Each structure stands twice: as C-alpha cells, then as structure tokens.
Amino acid sequence: MPNPVANLSNITAVAAGDKHTVALGDDGRVWAWGYNWKGQLGDGTTTDSLIPVEVSTLVDVVAIAAGSNHSIALKDNGTVWAWGENKSGRLGDGTTTNRPTPIQVSELFDVIAIAAGKSHTIALRADGTVWAWGNNGDGRLGNGESGSYEKTPVQVSGLGNIVAIAAGGSSTFALKDDGSVWAWGNNDDRQLGDCTTTGRTTPVQVTGPYCAGALDLLPQSLVYVLDVSKYGSGSGVVTSNPAGIDCGSDCSATNAYATLITLTADAGAGSAFTGWSGACNGTGECRIVMDANKSVAAAFY
C-alpha cells in the first residue's frame, strides 16, 4: 500500500519524470528525489537521493513539470527555469549543457503554464501563444519543421487563444478558449485524434470521438445530421472542418455524437456574407457540437 514520502509536507503539486519526482510546496520551494545522473534533482549534484532534497536557489514557484530526465519550474513572475539533462536543448538556455541547478529559459516571459514531454518542453504565455523547445523529432515543437532541435523557445505556428497545454512523450496538445483541442507531433498510434496516423509539424484540430468510416458501426442514437442551406441574392460557399460540408448549394452531412464542426462561409465575387441563422449567429466561424440533429443557414447578398 502507498507510503507517505519522507520529510515532505504542505505539497500543492507533483510531477514525475522517467525515474525522478518533483514536488512543489505551498511556500513556493521545490523538492525532488530519485535518479539524478543528469542533475534532474536540481540540488547541485548528480547523486541519487532516496528522500526529497531541495532544488537549489529556487523560490516563488507556482507550477512544475518533469520530462524524462529534466525538470521545469514556473515562477510567479512569469519566468521559466529548467535543470537536468539538456540533450537537444530541452532546458531552453541556448546550450546543450546539462544543468544540476536551475537556469532560466532564454527569451521567455509572461508565462502562465508549462508542460514537459520526454525530451521537449512547452510554455503558454499570457497572450495565448504557445512556445516550445528541445527535441523536434516528429514535429513535436509545432513550428513546421521536424527532425531537428531548438535550444531556445520557438513559437508554435498558427496557434492563438490557448488556455491550457499538455505534452506526451513525442506529441503536444493545446486547448483553445472556444473548447476545441489542437495537437501536433508523433501520430503513429493516432494520438493526435485527427483520424489519421500522419505525424504533424503544425497543429491540427482533434476531430471528435469518432472517425469517418465508423459511423455505420454506431447506434443511430449516436449519429446526427447537420443540414446547411443558403439564401439571399448573392453567391458563396460553405465548407467545414472536419471535411464533410462543401456547399455550393444546400447540403448535409452525418456526424457522430459530440463531434465539433466548424463552418466557414466564403462569399463569391461581387457578393458578401451577411451572417448565420439557425444553430449559429453572427458573421464569424460557426462552431457546432453535434449532440442533436441541427441546421444552419448562411446569407449571401
């Protein structure tokens, strides 16, 4: 049965690496224990520890994360600090030198959340942008490249309005303020949720709980129809993400329960899109969660 960790109390958060563990106290100090061959305990040594040791020179911490052999901390002033293994630049200090004590991640400020993969690290800034550094195998940094590495933070391409982040071993995830989820990196086991096994070097939207081609396997109570129509004296086209709607004229598509559909209206030459009616309103993108049969109309004049 579980035993309490020795000499540790008033803990508010924990994170686990491959063979080490990190804990955050309510006083903003950080403690670590376990394997330390790359300095991932942050106590200035490479000596393993069976009990928690305090991470050196680190105070005012509000969040922690752990990769395979590196550790990350976010301070209350929005700066990020890292220690441990620095292969592929995962500590973000512009070098590949292992660090047994915390060092500040370069050129990164106003951070509100952090996450660590096996050998890459990500940060969410207060402006809703996401930044990443370290190993970029499989495109896990999301900057449109793959197979290289970055020793300082790079911005994830085409991603804004983010409110939360997470990292897998070689893939990365972000939650937008509209409730949609975006993913990039390794996709060998469909972990990106886009109904493919294609790795992605930039973010793609997670499509929903079911993939195309599986609808005929679902009970009818979990399958819903989205009807799209157009009206007005102008011309235009309505398309969807995920694909299924591509309306030069009225059309419909069948979707699984809880699928998030994003509709975009593009006016034809000499016409203007003036708004949605039905399941959406306004003139921006139309986002619909398929929890019932729904219909929407686009006006072009």
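Coordinates for the structure precede this section.
In this text the structure is predicted, and so the values were computed from the model without any measurement. (Residues numbered from 1 in each chain as written. Predicted model: local features only at pLDDT ≥ 70, side-chain atom pairs only at ≥ 80, totals over all residues. Heavy atoms only, no water.)

> Summarise the nonpolar core; cite the residues concerned and give the values.
Membership of the largest hydrophobic core comes to 20 residues, with the highest contact counts inside it found for Leu226, Val238, Ile245, Leu263, Trp276 and Val296. Counting only elements with at least two residues in this core, the list comes to β17 (223–231), β20 (251–256), β21 (260–267), β22 (273–278), β23 (286–289) and β24 (294–300). Among residues more than four places away in sequence, those in contact with Val296 are Leu226, Asp227, Val228, Ser229, Leu263, Trp276, Ser277, Ala279, Cys280, Cys286 and Ile288. (Core = buried A, V, L, I, M, F, W, Y, C linked by side-chain atoms within 4.5 Å. Buried < 20%, exposed > 50% of the residue type's maximum accessible area, 1.4 Å probe, protein only. Helix = DSSP H or I, 4+ residues; strand = E, 2+ residues; numbered from the N terminus. Contact = heavy atoms within 4.5 Å.)

> Just give me the short version of the pairing of strand β6 (residues 70–75), but keep the residues and values in it.
With six of six residues buried, β6 lies mostly within the body of the structure. Where burial is concerned, the two faces of β6 agree: the one with His70, Ile72 and Leu74 and the one with Ser71, Ala73 and Lys75 are both buried. In terms of strand pairing, strand β5 (residues 61–66) meets β6 through five bridges, oriented antiparallel. From the neighbouring strand, Ala65 faces β6, where its bridge partner is Ile72. By the bridge criterion, five bridges tie β6 to strand β7 (residues 80–84) in an arrangement that is antiparallel. Paired with His70 across the two strands is Gly84, which belongs to β7. The turn joining β6 and β7, which pair antiparallel and follow one another in sequence, is formed by four residues; a positive phi near 85° is taken by Gly78. (Pairing = 2+ DSSP bridges.)

> Summarise the state of the cysteines; cite the residues concerned and give the values.
Scanning the model with the defined rule gives one disulfide in all. Two residues, Cys280 and Cys286, share a disulfide whose sulfurs are 2.0 Å apart. Torsion about the S-S bond of the Cys280 and Cys286 cystine: about 75°, corresponding to right-handed handedness. Accessibility expressed as a relative area gives 1% for Cys286, which makes it buried. (Disulfide = S-S within 2.5 Å.)

> Hey, could you go over empty space enclosed by the protein for me, with residue numbers and the actual values?
Inspection of every chain in the model, using the stated rule, returns one cavity of 30 Å³ or more. Computed from the structure, the largest cavity encloses a volume of approximately 30 Å³. Lining the largest cavity, in full, are Gln205, Val206, Thr207, Asn241, Pro242 and Leu260. Here the lining of the largest cavity is composed, by residue class, of three nonpolar, three polar and no charged. (1 Å grid on protein atoms, 1.4 Å probe; cavity = no way out; pocket = protein on both sides within 12 Å on 5 of 7 lines; lining within 4 Å. Points joined across faces, edges and corners; volume = space filled by probe spheres on them. Nonpolar A, V, L, I, M, F, W, Y, C, P; charged D, E, K, R; others polar.)

By themselves, these are just geometric observations and shouldn't be taken as functional.
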